[in-house]
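# Summary of structural features
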Amino acid sequence: MYDYDLLVVGSANADLVIGVERRPEAGETVLGSDLAVHPGGKGANQAVAAARLGARTALLARVGDDAYGRLLLDSQRAAGVDTVGVLAGGAPTGVALITVDPSGDNSIVVSPGANGRLTPEDVRAAAGLLRRSRVVSAQLEIPLETVVEAVRSLAEGSRFVLNPSPPRPLPAEVLAACDPLIVNEHEAKVVLGEACASDRPEDWARLLLAKGPRSVVITLGAQGALVASAEGVERVPSTKVDAVDTTGAGDAFTAALAWRLGTGSGLAEAAAYAARVGAAAVTREGAQESFPTAEEVEALCCADPGDAPRTPGSGPDDASGTGLGGGSR
């Protein structure tokens, strides 16, 4: 029935990366490494991450008719992603300006460019892609009204996964479709707004579920992750690694989780696998270049079974990911 295991509706950016000894304070200038240019963007990252794991993947996105756009298309095709849904033109390709410190933590500023021109009309024109996709994943580096249209265009029986990054309040229609809604601590607090009066992630999860999602995943940095549904709330361990660059780890986590849910895995099982994928990703520099194959994830899983667990989270203390958070990756 489905031609694709995962359709990603989202952003595609060129990542302009500079290594720094420390990230600058307000008004401060610091010297950094030579500029490196990588294909990125939350949507494009998720598509590549899923395809590397073996998922039949397509991307619905918009890039500029420029060199950065060609870089992004080449990267998708090299990973095995179907780019029939990638549109070109209307604005320059989106760009993310990224600084990475020696701990592997990053700071990101995004110029949306063509991502801001991915419209509800583009989603309607791609209705065939949505009908043929088992799982649809989205983020918020594209217009919210485009995400709303993706929800309205879902095929009967398909699953919708949302990482609301960068975070903003979400309409009830979108929240009700999420299965799961994937957030880190910062994103959870933005989505909850004034309802977030507790410091306990278990309380956040229950409050988020009360807003309408069918399930919720909260990433908690060094403390692992938490999954919640009508069946209850459960902590999920993670995998300890030495981080080199956390750029893209949250996108790898989301892609792996979405794919595994589509194959029939339970929420906690899929989240545990996604944590290993995110952990593998931070052991290499870059975003898409760092995403592991299924074989590499299996090797990481078996390498040090006694290590204390970690998962993609949202702080400088996190050795296996950036979280799914307030930045772009």
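What you are looking at is a predicted structure, and each value in this text was computed from that prediction instead of being measured.

### Details of the sheet that holds strand β9 (residues 159-163)
- Strands sit in the order β5-β4-β1-β8-β9-β10-β11-β12-β13 across an open sheet of nine strands; the sheet is mixed. Edge positions in the sheet fall to β5 (82-88) and β13 (232-236), since each of these pairs with one other strand and no more. Each neighbouring strand pair of the sheet contributes to a mean axis angle of 15 degrees, computed without reference to strand direction.
- Across five bridges, strand β12 (residues 225-229) lies against β13 in antiparallel orientation. From the neighbouring strand, L226 faces β13, where its bridge partner is R235.
- Running at roughly 160 degrees to strand β4 (residues 57-63), helix α1 (residues 42-53) makes contact with β1 (4-9), β4, β8 (133-139) and β9 of the sheet.

### Here we look at the packing of aromatic side chains
- Taken as a whole, this structure holds one aromatic pair when the rule is applied.
- Aromatic pair W259 and Y273: ring centres 6.3 Å apart, planes at 65 degrees, arrangement edge-to-face. Note that W259 is positioned in helix α9 (residues 249-262) and Y273 in helix α10 (residues 267-281), a separation of 14 residues in sequence.
- Residue W259 is classed as buried on the basis of its relative accessible area, which comes to 13%.
- The buried category is assigned to Y273, whose relative accessible area is 7%.
- Across the ring face of W259, the terminal group of R260 is positioned such that the distance to the ring centre comes to 5.8 Å.
- Above the ring of Y273, the side-chain terminus of R260 is found at 4.0 Å from the ring centroid.

### Considering the nonpolar core
- Residues L59 and L257 are the most contacted members of the largest nonpolar core, which totals 45 residues.
- Taken together, the elements giving at least two residues each to this core come down to β1, α1, β4, α2 (67-79), β12, α9 and α10.
- The biggest single contributor to this core is α10, with nine residues.
- Beyond its immediate sequence surroundings of up to four residues, L59 is in contact with L7, V8, G43, A44, A47, Q76, V81, D82, G85 and V86.
- Of all hydrophobic cores here, the second largest spans 41 residues; its members include Y4, L192, V216 and L220.

### Some remarks on the pattern of salt bridges
- In the structure shown here, the tally under the stated rule is 17 salt bridges.
- The salt bridge partner of D5 is R56, with a shortest N-O separation of 3.0 Å. Here R56 lies in the loop between α1 and β4 and D5 lies in strand β1, a separation of 51 residues in the sequence.
- Here R124 and E121 are joined by a salt bridge, their closest N and O atoms 2.9 Å apart. Linking R124 with E121, this pair stays in helix α3 (residues 120-125), spanning three residues, or about one helical turn.
- Classification of R124 by relative accessible area gives partly exposed; the value is 41%.
- What you see here is one network of salt bridges that share partners, running through R200, E202, D203, R206 and R235.

### Some points on the pairing of strand β6 (residues 94-100)
- With five of seven residues buried, β6 lies mostly within the body of the structure.
- Alignment of strand β2 (residues 13-19) against β6, held across seven bridges, turns out to be parallel. Across the sheet, the residue bridging to D15 is A96, located in β6.
- Connecting β6 to the antiparallel partner strand β7 (residues 106-111) that follows it, the hairpin turn spans five residues, and G104 within it adopts a positive phi of roughly 95 degrees.

### Considerations on a nonpolar patch on the surface
- Together, L35, V37 and L71 line one region of the surface with nonpolar side chains, adding up to about 230 Å² of accessible area.
- Tracing the sequence through the fold places L35 in the loop between β2 and β3 (36-40).
- Of the residues examined, L35 reaches a relative accessible area of 51% and is grouped as exposed.

### So, the environment of C196
- The residue C196 is located in the loop between α7 (185-192) and α8 (201-210) in this model.
- We classify C196 as buried; its relative accessible area is 19%.
- Note: C-alpha distance between C196 and S137 (59 residues apart in sequence) is 25 Å.
- With residues near it in sequence (within four places) discarded, C196 still touches K189 and W204.

### Observations concerning the sheet that holds β6
- A sheet is described by the order of its strands in space; here four strands give the open sequence β3-β2-β6-β7, paired in mixed fashion. Every other strand in the sheet has two partners, leaving β3 and β7 as the edge strands with one partner each. Neighbour to neighbour, the strand axes of the sheet diverge by 25 degrees on average, direction disregarded.
- As judged from the five bridges shared by β2 and β3, these two strands associate in the antiparallel manner. Bridged to L16 within β3 is V37.
- Relative to the sheet, α2 contacts β2, β3 and β6, its axis offset from that of β3 by approximately 60 degrees.

Parameters and conventions
The residue numbering used here restarts from 1 in each chain and proceeds along that chain's sequence as written. In keeping with the model being predicted, local features are shown solely for residues with a pLDDT of at least 70 and side-chain atom pairs are shown and tallied solely at 80 or more, while totals for entire chains, interfaces and linings include all residues. For side-chain calculations, the full set of non-hydrogen atoms in the structure is used, while hydrogens and water are omitted. For two strands to count as paired, DSSP must find a minimum of two bridges between them. Starting at the N terminus, helices and strands are each numbered in turn, a helix being any DSSP run of H or I of at least four residues and a strand any DSSP run of E of at least two. To obtain each axis, a line is fitted to C-alpha atoms, and for helices this fit is confined to the stretch in contact; angles are then taken between N-to-C directions over 0 to 180 degrees. Any two residues whose heavy atoms approach within 4.5 Å are treated as being in contact. The aromatic pairing rule takes the rings of Phe, Tyr and Trp, using the six-membered ring of Trp, and pairs them if the centres are within 6.5 Å, calling planes under 30 degrees apart stacked, those over 60 edge-to-face and the rest tilted. The classification of residues rests on relative accessible area computed with a 1.4 Å probe and restricted to protein chains. Under 20% of the type maximum is buried, over 50% is exposed, and intermediate values are partly exposed. Note on criteria: charge over ring means Lys NZ or Arg CZ within 6 Å of the ring centre, with the direction from the centre no more than 35 degrees off the ring normal. In this text, buried Ala, Val, Leu, Ile, Met, Phe, Trp, Tyr and Cys residues form a nonpolar core when linked through side-chain atoms within 4.5 Å. Here, a salt bridge means any side-chain nitrogen of Lys or Arg that lies within 4 Å of a carboxyl oxygen of Asp or Glu. Residues enter patches when they are more than 30% accessible in relative terms and free of salt bridges; like-charged ones are connected within 9 Å and nonpolar ones (Val, Leu, Ile, Met, Phe, Trp, Tyr) within 5 Å. Under the convention used here, a 1.4 Å probe and the Shrake-Rupley method define accessible areas, while residue burial counts only the protein chains that appear.

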